[in-house]
Amino acid sequence: MDIGLALQGGGALGAYEWGAVARLVEAGLRPVAIAGVSIGAINAAAIAGAREGDIVESLNQLWQSITLPAMPFVSPRIQAQMSMLGLPNFFQPRLDYWHMPAWDSLYSVAPMYATLDTLIDWERLNDPALQRVTVTATRVEDGAGVHFSNVERRLDARHILASGSLPPGFPMTEIDGHSYMDGGIFSNTPLPQLLEMLDEDQLDSLPIFVINLFPILDDVPGTLFEIQNRVKEITYENRIEADFGGAEALREHGQMVRAVAETLRTHPELGGSPAAQRMLRRRAYANVNVIDAGHAPGSGDHDFSYPGVMDRHAKGRAAAEQWLQLNLPESLSPAE
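Procedures and definitions
Along each chain, residue indices are assigned from 1 in the same order as the chain's sequence is written. Two thresholds apply to this predicted model, a pLDDT of at least 70 for residue-level local features and 80 or more for giving and counting side-chain atom pairs, whereas whole-chain, interface and lining totals are computed over all residues. Here the side-chain values reflect all heavy atoms present in the structure, with hydrogen atoms and water set aside. Under the DSSP-based scheme used, a helix requires at least four consecutive residues in state H or I and a strand at least two consecutive residues in state E, with every element numbered from the N terminus. Our radius of gyration looks at C-alpha atoms and nothing else; its globule reference is 2.2 Å times the residue count to the power 0.38. Three labels apply to residues, based on accessible area from a 1.4 Å probe with only protein chains included: buried if under 20% of the type maximum, exposed if over 50%, partly exposed otherwise in between. Should any heavy atoms of two residues lie within 4.5 Å, those residues are counted as being in contact. Shrake-Rupley sampling with a 1.4 Å probe provides the accessible areas, and residues are treated as covered by the protein chains on show and by no other component. Note on charges: Lys and Arg go in the positive column, Asp and Glu in the negative column, and His and the chain ends are not counted at all. In this description, the location of a charge corresponds to atom NZ of lysine, CZ of arginine, CG of aspartate or CD of glutamate. Whenever a nitrogen or oxygen atom comes within 3.5 Å of another N or O atom, the pair is scored as a polar contact, on the condition that within protein one atom can donate a hydrogen and the other can accept it, and that pairs from neighbouring residues in sequence are kept only if both atoms are in side chains. Note on ring pairs: Phe, Tyr and Trp rings are taken, using the six-membered ring of Trp, and paired if centres are within 6.5 Å. Classes follow the plane angle, with under 30 degrees stacked, over 60 edge-to-face and the rest tilted. Think of a salt bridge as a Lys or Arg side-chain nitrogen and an Asp or Glu carboxyl oxygen that are within 4 Å of each other. Every axis in this analysis is a line fitted to C-alpha atoms, fitted for helices over the stretch in contact. Angles between the N-to-C directions lie between 0 and 180 degrees. Roughly parallel here means an angle under 35 degrees, roughly antiparallel means over 145, roughly perpendicular means 65 to 115, and every remaining angle is called oblique. Note on convention: near helix rotated counterclockwise from far helix by under a right angle means a left-handed crossing. Clockwise means right-handed. Just so you know the grouping, Ala, Val, Leu, Ile, Met, Phe, Trp, Tyr, Cys and Pro go in nonpolar, Asp, Glu, Lys and Arg go in charged, and all remaining residues, Gly too, go in polar. Multiplying 1.5 Å by the helix residue count minus one yields the expected span of that helix. The arc in question is formed by the directions pointing from the helix axis toward the C-beta atoms. DSSP bridges decide pairing: two strands pair if at least two such bridges lie between them.

Caption draft 1: Layout of the overall build of the protein. A tally of helices and strands in the protein yields 14 helices and 10 strands. A globule of 336 residues ought to have a C-alpha radius of gyration of about 20 Å, and the protein, at 20 Å, matches this closely. Projecting the C-alpha coordinates of the protein onto the three principal axes gives extents of approximately 70 × 50 × 50 Å. Burial status across the protein gives 52% buried among its 336 residues. At a minimum sequence separation of 6, the contacts of the protein that also span at least 24 residues come to 72%. For the protein, the accessible surface area stands at approximately 15500 Å², while carbon and sulfur atoms represent 58% of it. Within the protein, the 42 negative side-chain charges are centred at a point lying 1 Å from the centre of the 24 positive side-chain charges.

As structure tokens, then:
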């Protein structure tokens, strides 16, 4: 089964995407259109640029390279904060303290350029006949959301890292004379960008998976730390789903747009404007499946510790397994 993937940003929460996507692929689902933002863009690169097409192994190698080693005699709570000192294959703290007044970031992401070039088959990633890929970033000069797609240009590590250039931790990324920040600042759920890549048949039939890293619903926070975490969840939650009142309402909207599209097929003069065409692409909402990650602790997005990453990986696999059991039980391969 061919599928589409919309992968959110969320730092270390992206390990949940690793687990969920790996389980879907093991069950025979094949991503043919992938949109990612921030850590979702990095995961998208590992999926689309998987050497020899082995998506599961590519994701395994990516997360093994950016996860801190286990520390047997250190509590998980302390390990969860250790990435603040840097990740050898992802980012490292700046040490040029004499230039601190002119700093534009706290870390350098130079290690991730090398990591991506080692892991990713860029020729494969840039072949839209294998899969169409888009990553999103926020253009600093005008605050516009911009997408970089392998249908329109050749992608490289700059485009992936532009999507994850979250201030003040990471520096802006310059591409073709423009500066870019993290795409999640503009929108953390790249579903519209995914729809732009689909052909007419795929808009009607391609199953689409949104891996939802930030819960829409949560308890009222009571402490300053809990309040800060809830603000983060609301900022980066799936606004598209929230605007429609949940996943089921999103699919119902897609069904309504599908009915409109059927009517316009007999009256094409009514649906020829660019605005109408963008609206009609929303019929693909009827195909959306949302896999929710659930609530994560405040340290979740920067917890690249071995216990934290593997816990989220396991939860992602379990959530994908639940979807498979409910929807495709007759075609499942055994979960490992």
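And the narrative resumes.
Caption draft 2: Region of interest: the side chain of Ser165. As for its placement among the helices and strands, Ser165 is situated in the loop between helix H7 (157-163) and strand S7 (173-175). Given a relative accessible area of 3%, Ser165 falls into the buried group. Side-chain polar atoms of Ser165 contact the backbone oxygen of Leu161, separated by 2.7 Å. A polar atom in the side chain of Ser165 sits 2.7 Å from the side chain of Thr173. Those residues within four positions of Ser165 in sequence are excluded, and the remaining contacts are Phe170, Pro171, Met172, Thr173, Tyr180, Met181 and Asp182.

Caption draft 3: Quick peek at the packing of aromatic side chains. The final tally for this structure, using the stated rule, is 13 aromatic pairs. Ring centres of Phe90 and Phe304 lie 5.9 Å apart, and the angle between their planes is 80°; this geometry places the pair in the edge-to-face category. Here Phe90, found in the loop between helix H4 (76-79) and strand S3 (92-93), pairs with Phe304, found in the loop between strand S10 (288-292) and helix H14 (306-327); they are 214 residues apart in sequence, far enough to count as distant. Residues Phe90 and Phe304 agree in their burial class; the two are buried. Note on Tyr97 and Trp103: the rings are 6.0 Å apart at their centroids and 35° apart in plane angle, and the pair reads as tilted.

Caption draft 4: Quick peek at unusual backbone geometry. Pro168 follows Pro167 through a cis peptide bond whose omega is -5°. Within the secondary structure, Pro168 sits in the loop between H7 and S7. Of note, the phi angle at Ser38 is positive, near 60°, even though the residue is not glycine. Inspection of the secondary structure puts Ser38 in the loop between strand S2 (30-37) and helix H2 (39-48). Take Ser38: its relative accessible area is 10%, and that puts it in the buried class. Although it is not a glycine, Glu52 sits at a positive phi angle of roughly 60°. Following the sequence through the fold, Glu52 ends up in the loop between H2 and helix H3 (55-66).

Caption draft 5: Just the pattern of salt bridges, in detail. A complete count under the given rule lists 18 salt bridges for this structure. Here Asp104 makes a salt bridge to Arg94, at a shortest N to O gap of 3.3 Å. Of this pair, Asp104 sits in the loop between S3 and strand S4 (107-108) while Arg94 sits in the loop between S3 and S4, and the two are 10 residues apart along the sequence. You can call Asp104 partly exposed: its relative accessible area is 46%. Among the salt bridges present, the one from Lys232 reaches Asp301, with a minimum N-O distance of 3.0 Å.

Caption draft 6: The packing of H2 against H3, seen in detail. Their axes nearest at 8 Å, the elements H2 and H3 cross at an angle of 135°. One element, H2, and the other, H3, form an angle in the oblique class. The handedness of the crossing between H2 and H3 is right-handed. The segment H2 lies against H3, with Ile39, Ile42, Asn43, Ala46 and Ile47 engaging Ile55, Ser58, Leu59, Leu62 and Trp63. Across the contact of H2 with H3, the residue classes tally to eight nonpolar, two polar and no charged.

Caption draft 7: The arrangement of helix H12 (residues 247-265) in detail. In a regular helix each residue adds 1.5 Å, so 19 residues correspond to 27 Å; H12 covers 27 Å between its end C-alpha atoms and thus fits that length. Within H12 the residues assigned to the buried category are Ala247, Leu250, His253, Gly254, Val257, Arg258, Ala261 and Leu264. Along the axis of H12, the buried positions cluster into a sector of 150°, meaning they face one direction only. Here the buried face of H12 lies against helix H9 (200-205), helix H11 (239-244), helix H13 (274-280) and S10.

Caption draft 8: Main features of the pairing of strand S5 (residues 132-139). Counting buried residues along S5, seven of its eight residues qualify, which places the element largely inside the surrounding structure. Where S2 and S5 come together, five bridges link them in parallel fashion. Each bridged residue has a counterpart across the sheet, and for Ala35 the counterpart in S5 is Thr134. With five bridges connecting them, S5 and strand S6 (residues 145-149) associate as antiparallel partners. Bridged to Thr136 within S6 is His147. The sheet contact formed by S5 and strand S8 (residues 178-182) spans three bridges and is antiparallel. By the bridge assignment, Arg139 is partnered in S8 with Tyr180.

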